[in-house]
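The residues making up each chain are set out below.
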Amino acid sequence: MVRLIDFEHIEQDALKRNIPIMQKEGILFLISQLIEMKATSCLEIGSAIGYSSMMMVTHVDDLKVDTIELNEERYQEAVSNIHKYHLDSQISIFLDDALTFDTAKLHHDPYDCLFIDAAKAQYQKFFEKYVPFVKQNGIIIVDNLDFHGMIFDIDHIKNRNTKQLVKKIKRFKDWIFNHEDYDVDYYPIGDGICVIRRKD
Ligand SMILES: C[S@@+](CC[C@H](N)C(=O)[O-])C[C@H]1O[C@@H](n2cnc3c(N)ncnc32)[C@H](O)[C@@H]1O
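This report concerns the structure included in the present document. Chains are numbered independently. Their residues run from 1 in the order of the written sequence. This being a predicted model, a pLDDT of at least 70 is required before a residue's local features are given, and a value of 80 or more before pairs of side-chain atoms are given or counted; all residues contribute to the totals for chains, interfaces and linings. Excluding hydrogens and water, the side-chain figures rest on all heavy atoms present in the structure.

### With respect to the pattern of salt bridges
1) Next: Here a salt bridge means any side-chain nitrogen of Lys or Arg lying within 4 Å of a carboxyl oxygen belonging to Asp or Glu. Under the defined criterion, the tally for this structure stands at 7 salt bridges.
2) Next: The salt bridge partner of D13 is R17, with a shortest N-O separation of 3.0 Å.
3) Next: R17 is paired through a salt bridge with E77; the nearest N and O atoms lie 2.4 Å apart. Residue R17 is found in the loop between α1 (8-16) and α2 (24-36), and its partner E77 is found in helix α4 (residues 72-84); the two are separated by 60 residues along the sequence.
4) Next: To sort residues, take the accessible area from a 1.4 Å probe on protein chains only and compare it with the maximum for the residue type: under 20% means buried, over 50% means exposed, and anything in between is partly exposed. You can call R17 partly exposed: its relative accessible area is 39%.
5) Next: By relative accessible area, which is 24% here, E77 ends up partly exposed. Counting from the N terminus, the helices are the DSSP runs of H or I reaching at least four residues and the strands are the DSSP runs of E reaching at least two.

### Notes on the site of the ligand
1) Next: If a single non-hydrogen atom of a residue is within 4 Å of a molecule or strand, that residue counts as near it. The immediate surroundings of the ligand are formed by 21 residues, with M22, S52, E69, D97 and D117 found nearest.
2) Next: Pairs of N or O atoms within 3.5 Å make up the polar contacts considered here, provided that, within protein, one atom can donate a hydrogen while the other can accept it, and that residues adjacent in sequence are counted only when both atoms are side-chain atoms. Here a nitrogen atom of the ligand and a backbone polar atom of G46 are 2.9 Å apart.
3) Next: Within the contact set of the ligand, an oxygen atom lies 2.9 Å away from a side-chain nitrogen or oxygen of R74.
4) Next: Listed by contribution, the elements that provide at least two residues to the shell around the ligand are α3 (51-59) and β2 (64-69).
5) Next: Just so you know the grouping, Ala, Val, Leu, Ile, Met, Phe, Trp, Tyr, Cys and Pro go in nonpolar, Asp, Glu, Lys and Arg go in charged, and all remaining residues, Gly too, go in polar. For the shell around the ligand, the class distribution of residues is 11 nonpolar, 4 polar and 6 charged.

### Remarks on the packing of α2 against α3
1) Next: Note on geometry: axes are lines fitted to C-alpha atoms, helical ones only across the stretch in contact, with angles between N-to-C directions running from 0 to 180 degrees. Relative to each other, α2 and α3 sit at 40°, their axes nearing to 10 Å. As judged from the angle between their axes, α2 and α3 are oblique. Between α2 and α3 lies a crossing whose hand is right-handed. Here K24, I27, L28, L30, I31, L34 and I35 of α2 come into contact with α3, specifically with Y51, S52, M55, M56 and H59.
2) Next: When the residues that make up the contact of α2 with α3 are grouped by side-chain class, the tally is 9 nonpolar, 2 polar and 1 charged. Put simply, angles under 35 degrees are roughly parallel, angles over 145 are roughly antiparallel, angles from 65 to 115 are roughly perpendicular, and the rest are oblique. If you view the pair so one helix is near and one far, a crossing is left-handed when the near helix is turned anticlockwise from the far one by less than a right angle, and right-handed when it is turned clockwise. The contact rule is simple, with two residues in contact once any of their heavy atoms fall within 4.5 Å.

### A word on the environment of Y85
1) Next: Along the polypeptide, Y85 turns up in the loop between α4 and β3 (91-95).
2) Next: The exposure class assigned to Y85 is buried, which follows from its relative accessible area of 16%.

### Looking at the packing of aromatic side chains
Each aromatic ring pair is characterised by the separation of its centres together with the angle its planes make.
1) Next: Each pair of aromatic rings taken from Phe, Tyr and Trp, with Trp reduced to its six-membered ring, is defined by centres within 6.5 Å and is described as stacked if the planes are under 30 degrees apart, edge-to-face if over 60, and tilted in the remaining cases. For the structure on display, the rule yields 9 aromatic pairs.
2) Next: Taking 4.6 Å as the distance between ring centres and 50° as the angle between the ring planes, the aromatic pair formed by F29 and Y187 counts as tilted. Taken together, the residues span a long stretch of sequence, with F29 in helix α2 and Y187 in strand β6 (residues 182-187) at a distance of 158 residues.
3) Next: Overall, the relative accessible area of 26% leaves Y187 in the partly exposed class.
4) Next: Here the aromatic cluster, defined as three or more aromatic residues joined through ring pairs, consists of Y123, F127, F172, W175 and Y182.

### Details of the sheet that holds strand β5 (residues 134-142)
1) Next: The strand order across the open sheet built from 7 strands is β3-β2-β1-β4-β5-β7-β6, with neighbouring strands paired in mixed fashion. Of all the strands in the sheet, the pair left with one neighbour each is β3 and β6. Taken over all neighbouring pairs, the strand axes of this sheet differ in orientation by 15° on average, direction set aside.
2) Next: Two strands are counted as paired when DSSP detects at least two bridges linking them. Pairing geometry for strand β1 (residues 41-45) and strand β4 (residues 111-116), over 4 bridges, is parallel. Bridged to I45 within β4 is I116.
3) Next: Contacts between α4 and the sheet are confined to β2 and β3, with β3 contributing the most and set at about 160° to the helix.

### Here we look at the nonpolar core
1) Next: Nine residue types can take part in a nonpolar core, namely buried Ala, Val, Leu, Ile, Met, Phe, Trp, Tyr and Cys, and a core is a set of them joined through side-chain atoms within 4.5 Å. Ranked by size, the top nonpolar core spans 37 residues in total, and within it L30, M56 and L63 carry the most contacts.
2) Next: Broken down by secondary-structure element, the contributors of at least two residues to this core are α1, α2, α3, α4, β3, β4, β5 and β7 (193-198).
3) Next: Apart from residues lying up to four places away in sequence, L30 is in contact with M22, M56, C113, F115 and I141.
4) Next: The next biggest cluster of nonpolar side chains, apart from the first, holds 28 residues, and it includes L43, Y130, F133 and V134.

Read these as spatial facts, not as claims about activity.
In structure tokens:
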């Protein structure tokens, strides 16, 4: 049985402290995808303080989430949030760099869903490392693909680092949209979300 908690205070507090968490419409979209496919497992790259993983397991029946976070302070806060809401049996959180993480530690593979929500410049690397752990008919969801609309107007970005980052996101977007093994559906929700599926 799901317990519908919306963690409004965690969301507001994260926004106040500039902790990047998924926008509300984005997380509700992700939840709707998980419900539609009757998902029972999800692997998340980028836990931050646990907001999205807690939203997922409290809105989707019988869902288990494995999630990886690099930043120790955020990881500790996520552990404490997950514990406070008694969600420890549904969420396993790992403190590690997802790019070097030992995948033998994963609890619930193969997954119905892989949700990539960590360092945007590394999306392709995350995708290539973790896609083998997704079920044949599973989905891969990637957030923030529009980068506040900047991806549509790269030439006008003044800040050099931002420009580099947006170029990398665009490179990933072009790569996945043109990949012969995957179908991609794009949704202009939140900051741009893609749902990726293997071709039959
Ligand atoms: C956008 S936030 C995640 C938000 C979270 N999914 C939510 O909506 O509540 C991205 C997180 O990815 C983490 N991160 C960045 N690079 C990472 C890596 N290589 N491995 C694991 N986590 C990483 C960051 O520390 C940050 O907390």
